[in-house]
Amino acid sequence: MFRRLKSTETIVRDGVADNYASIWRYGLSLTGKRDHADDLAQAACLKAIENHWQFVPDTKIKNWLFRIAHNLWISELRRQKVRTGNGLVGIETAEIHDPRLDLYSQIENAELMAAVLGLPEAQRATSILVYAQGFSYSEAAEILDIPIGTVMSRLAAARGTLRESN
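As the structure is a computational prediction, the values presented were derived from the model and not from experiment.

Criteria and thresholds
Residues numbered from 1 in each chain as written. Predicted model: local features only at pLDDT ≥ 70, side-chain atom pairs only at ≥ 80, totals over all residues. Heavy atoms only, no water. Salt bridge = Lys/Arg side-chain N within 4 Å of Asp/Glu carboxyl O. Helix = DSSP H or I, 4+ residues; strand = E, 2+ residues; numbered from the N terminus. Buried < 20%, exposed > 50% of the residue type's maximum accessible area, 1.4 Å probe, protein only. Expected span 1.5 Å × (residues − 1). Bend = angle between axes of the 7 residues up to and from the residue.

Report on the pattern of salt bridges, specifying residues and quantitative values.
Under the defined criterion, the tally for this structure stands at 5 salt bridges. The salt bridge partner of Glu139 is Lys60, with a shortest N-O separation of 2.5 Å. Here Glu139, found in helix α6 (residues 137-144), pairs with Lys60, found in the loop between α2 (34-50) and α3 (61-84); they are 79 residues apart in sequence, far enough to count as distant. A residue is classified by how much of its surface remains accessible, and Lys60, at 51% relative accessible area, is exposed. In this structure, Glu121 engages Arg124 in a salt bridge whose closest nitrogen and oxygen atoms are separated by 2.7 Å. Taken together, the residues Glu121 and Arg124, both in helix α5 (residues 121-132) and 3 residues apart, mark about one turn of the helix. As far as burial versus exposure is concerned, Glu121 and Arg124 are alike and both buried.

And the structure:
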């Protein structure tokens, strides 16, 4: 008769477990390196668990987790920019192969990922959220904390840039 409500800590822990692989893939697309993706995904999950009380029940946990990961990445870029003068990963150093795929598919994926990694940071993050992670425009806008029109503009610019590079 009475339904026991889950605590925010339980919701967040379950959400972390269910979404870790997606967060890691998003981290890889942002950082270009598997070990950096590990660090970003783990930091995002830890921050979410430590701040579980900030999660609003009846909202999408996946969106909240991706926003945390994105904000951590932006903070890291800013720290790197201060330390080194830039924060983007060089395309030639990106670790993007998948041993489960045949050689042709690996080459095709590497070329696509290299093109996406070559996009400006804002276009890259927006493209990955919408096209690779499957978020709607409004969800991507929420995660990136930008207007939906900016999401559409960034995606159009990214498509144009990728079209010109072919």
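Next comes the rest of the description.
Quick one: what's the story with helix α1 (residues 8-31), residue by residue and with numbers?
It helps to recall that an α-helix has 3.6 residues per turn; residues three or four apart then point in one direction. An ideal rise of 1.5 Å per residue puts 34 Å on 24 residues; α1 reaches only 30 Å between its terminal C-alpha atoms. Of all the bends in α1, the largest measures some 60° and sits at Asn19. A positive phi of about 80° marks Gly32, the residue just after α1.

Keep in mind these values describe shape, not function.
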